[in-house]
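Now for the letters of each chain:
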Amino acid sequence: MDWLERELKGALAREEPPEDFASRVMRRASAPVRPVYRWPRWLAAAAAVIVLAGAGLGYRQYRGEMAKEQLMQAFKIASVKVNRIQSAVEGIGK
Amino acid sequence: MIELQNLPETALDFADLVREHQSMVFSVCWHFLHDRDQAEDVAQEVFLGLHRNMASIQSAAHAGHWLRKVAVQRAIDAGRRRARRPQVALEDVAEPVAHTPVRDPMLAEMLRRLIATLPETPRMAMILRYQEDLDPAEIGQAMDMPVATVKSHLQRSLALLREKLARRGVREEKWTG
């Protein structure tokens, strides 16, 4: 063991904890353990599935309504164009 | 008549184990974490863990090994949670005044600070080697590590410390005066 190792032994010598350390450990060890209520895992998983399924259904409904709106808009545009063509054709006949 | 069985675990008194091993557990945490409050918290948790596992402890020696191993693990975990490894930056280590003989307490403090800058695995290996006077095989058991790896960490750490001390003008001849 050289000088550095001897110094290291001195520098890293054991130190005593605070005087009341042992008594505090004993107090904590003898304290009654409070039961911690935890939600069952299956319940958390079921809740997650329900939320995801609900979100999925909601999104599908939203997409359906958007498609319906677009279709109605397309029908309206087509109807206006058909009316104009009809008027034009009737004008040629006269 | 009921014959009393001399079960080993019943012979172990938790309070005695705390008193016997408190300085070892506390010092491992303190030298590793460099934070007295945190070291005390971790050391308390180690003993509370022992209290919960008293049924599986077979002897006083077993309790000592158990405490050392758990103290090592808990101190490393606490250091990781703290997420700022060298609590004392190397640059903050006090430089000795040139041509002034290095005094023992000053060198000891410098060594503790330099060890605090080592990565966690070699730092813990050095603490177990020089605080607990363990040989590499025992350190390997406490840290779940091959003996060759422990030896390598110790050698590299010593070389690094020598280099850093030399850069600060601390050499054997100065120390010995």
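Details of the structure are given in the entry above.
From a predicted model like this one, the values you see are computed outputs, not experimental measurements.

Draft legend 1. Broad picture of the overall build of chain A. When helices and strands are counted, chain A shows three helices and zero strands. Listing the helices and strands of chain A from first to last along the sequence gives α-α-α.

Draft legend 2. Looking closely at the interface of chain B and chain A. If you look at the interface, chain B gives 30 residues, while chain A gives 21 residues. Elements represented by at least two residues in the side of chain B that touches chain A include exactly helix 2 (14-33), helix 3 (36-52), helix 5 (104-116), helix 6 (120-130), helix 8 (147-167) and helix 9 (172-176) of chain B. Broken down by element, the side of chain B that touches chain A gets its largest block of residues, eleven residues, from helix 2 of chain B. For the side of chain B that touches chain A, the per-class residue count stands at 17 nonpolar, eight polar and five charged.

Draft legend 3. Structural view of helix 8 of chain B. All names here are of chain B. Between the first and last C-alpha of helix 8 there are 30 Å, a value that for 21 residues agrees with the 30 Å anticipated at 1.5 Å per step. Along helix 8, the residues classified as buried are Val150, His153, Ser157, Leu161 and Leu165. The buried residues of helix 8 all sit within an arc of 90° when viewed along its axis, so they share a single face. More than 90 degrees from the buried face of helix 8, the exposed residues found are Ala148, Gln155, Ala159, Glu163, Ala166 and Arg167. Downstream of helix 8 by one or two residues, Gly169 has phi in the positive range, about 80°.

Draft legend 4. How the structure looks around the packing of helix 2 (residues 21-30) of chain A against helix 3 of chain B. Two numbers describe how helix 2 of chain A lies on helix 3 of chain B: the axes approach to 10 Å, and their chain directions differ by 50°. Considering the angle they form, helix 2 of chain A stands oblique to helix 3 of chain B. Crossing hand, helix 2 of chain A versus helix 3 of chain B: right-handed. Where helix 2 of chain A abuts helix 3 of chain B, its residues A:Phe21, A:Arg24, A:Val25, A:Arg28 and A:Ala29 lie against B:Glu40, B:Gln44, B:Phe47, B:Leu48 and B:His51. The residue inventory of the contact of helix 2 of chain A with helix 3 of chain B, partitioned by class, reads five nonpolar, two polar and three charged.

Procedures and definitions
Residues numbered from 1 in each chain as written. Chains lettered and ligands numbered in written order. Predicted model: local features only at pLDDT ≥ 70, side-chain atom pairs only at ≥ 80, totals over all residues. Helix = DSSP H or I, 4+ residues; strand = E, 2+ residues; numbered from the N terminus. Contact = placed C-beta atoms within 7 Å. Nonpolar A, V, L, I, M, F, W, Y, C, P; charged D, E, K, R; others polar. Expected span 1.5 Å × (residues − 1). Buried ≥ 20, exposed ≤ 12 C-beta atoms within 10 Å, placed from the backbone. Arc of directions from axis to C-beta. Axes fitted to C-alpha atoms, helices over the stretch in contact; angles between N-to-C directions. Parallel < 35°, antiparallel > 145°, perpendicular 65-115°, else oblique. Left-handed = near helix turned anticlockwise from the far one by under 90°.

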